[in-house]
Amino acid sequence: MVAASPIGSAIVFVVSLLIGALGIYVGARIIVGADDYDHAIVTALIGAIVWGLVGFFVGWIPLLGPLLALLAYIGVINFQYPGDWTAAAMIGLVAWVTVLVVLYALAALGVTAFDAVGIPGA
């Protein structure tokens, strides 16, 4: 999916955000029993912003930068959902796997590129 205009870019962003939120929703539903897709959308958006900011400021530091960005992302999930850091990390892991499966299927069908907003590394 190629965005050639501001409207196209906005559409790609929204679709990517919704796919990322789907991953967080599935992870939160499995790990802590949360059942609110709107909350997952907010979490994906905040997570993407925090990941981007931390990555911008310290992402260039080998090993430590990406680790801090990942911890900040898991911290957002920890703040947004009940449970501890382990539950938050598990939500993030399930979200990542879910998004990879969805993106692989969509990319195989030629519907979208292999990326999503709100899920690191996807």
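If you're wondering where the values come from, they're calculated on a predicted model, not measured in any experiment. (Residues numbered from 1 in each chain as written. Predicted model: local features only at pLDDT ≥ 70, side-chain atom pairs only at ≥ 80, totals over all residues. Heavy atoms only, no water.)

J.: What exactly am I supposed to notice about the UniProt feature "transmembrane region" (unreviewed entry) in the protein chain here?
T.: In the UniProt entry, the feature "transmembrane region" (unreviewed entry) is given for residues 6-28, 40-58 and 93-114. Helix and strand shares over residues 6-28 are 100% and 0% respectively, and the end C-alpha atoms of the span are 32 Å apart. When the span residues 40-58 is considered, its composition is 100% helix and 0% strand, and the gap between its end C-alpha atoms is 26 Å. (UniProt positions renumbered as here; feature names shortened; annotations may be inferred. Helix = DSSP H or I, 4+ residues; strand = E, 2+ residues; numbered from the N terminus.)

J.: Got a minute to help me understand the packing of helix H2 (residues 37-58) against helix H3 (residues 64-80) in this structure?
T.: If you want to describe how two helices pack, look at the angle between their axes and the distance between the axes. Running from amino to carboxyl end, H2 crosses H3 at an angle of 155°, the nearest separation of the two axes being 8 Å. Compared by their axis directions, H2 and H3 come out roughly antiparallel. As H2 packs across H3, the resulting crossing turns out to be right-handed. In this structure, H2 contributes His39, Val42, Thr43, Ile46, Gly47, Val50, Trp51, Val54, Gly55 and Val58 to the contact, and H3 contributes Gly65, Pro66, Leu68, Ala69, Leu70, Ala72, Tyr73, Val76, Ile77 and Gln80. Residues that form the contact of H2 with H3 fall into these classes: 14 nonpolar, six polar and no charged. (Axes fitted to C-alpha atoms, helices over the stretch in contact; angles between N-to-C directions. Parallel < 35°, antiparallel > 145°, perpendicular 65-115°, else oblique. Left-handed = near helix turned anticlockwise from the far one by under 90°. Contact = heavy atoms within 4.5 Å. Nonpolar A, V, L, I, M, F, W, Y, C, P; charged D, E, K, R; others polar.)

J.: Explanation requested: the side chain of glutamine 80 in the structure shown.
T.: Along the polypeptide, glutamine 80 turns up in helix H3. For glutamine 80, a relative accessible area of 16% gives the class buried. Among all residues touching glutamine 80, those that are not within four sequence positions of it are His39, Val42, Thr43 and Ile46. (Buried < 20%, exposed > 50% of the residue type's maximum accessible area, 1.4 Å probe, protein only.)

J.: Could you clarify how one ought to interpret helix H1 (residues 6-31) in this entry?
T.: Side chains of residues three or four places apart in an α-helix project in the same direction, reflecting 3.6 residues per turn. With 26 residues, H1 extends 37 Å from end C-alpha to end C-alpha; this agrees with the ideal 38 Å at 1.5 Å per step. For H1, the full list of buried residues reads Gly8, Ser16, Leu17, Ile19, Gly20, Ala21, Gly23, Ile24, Tyr25, Gly27 and Ala28. If you follow the buried residues of H1, they end up packed against H2, H3 and helix H4 (85-108). In the segment just after H1, glycine 33 is the residue with positive phi, at about 75°. (Expected span 1.5 Å × (residues − 1).)

J.: What exactly am I supposed to notice about H3 here?
T.: Compared with the 24 Å implied by 1.5 Å per residue over 17 residues, the 24 Å span of H3 between its first and last C-alpha is a close match. Listing the buried residues of H3 in full gives Gly65, Ala69, Ala72, Tyr73, Ile74, Gly75, Val76, Ile77, Asn78 and Gln80. As for H3, its buried residues are in contact with H1, H2 and H4.

J.: I'm lost on the nonpolar core in this one. Help?
T.: Core analysis: the biggest nonpolar cluster contains 15 residues, and Ile24, Ala40, Ile77 and Tyr81 have the highest contact counts within it. The leading source of residues in this core is H1, at five residues. With residues up to four places along the chain from it excluded, the contact list for isoleucine 77 reads Thr43, Ala88, Ile91 and Gly92. (Core = buried A, V, L, I, M, F, W, Y, C linked by side-chain atoms within 4.5 Å.)

J.: What is the right way to read the pattern of salt bridges from this model?
T.: Per the stated rule, a full pass over the model turns up one salt bridge. For arginine 29, the salt bridge goes to aspartate 35, with nearest N and O atoms at 2.8 Å. The class of arginine 29 is partly exposed, set by a relative accessible area of 42%. Judged by its relative accessible area of 52%, aspartate 35 falls in the exposed class. (Salt bridge = Lys/Arg side-chain N within 4 Å of Asp/Glu carboxyl O.)

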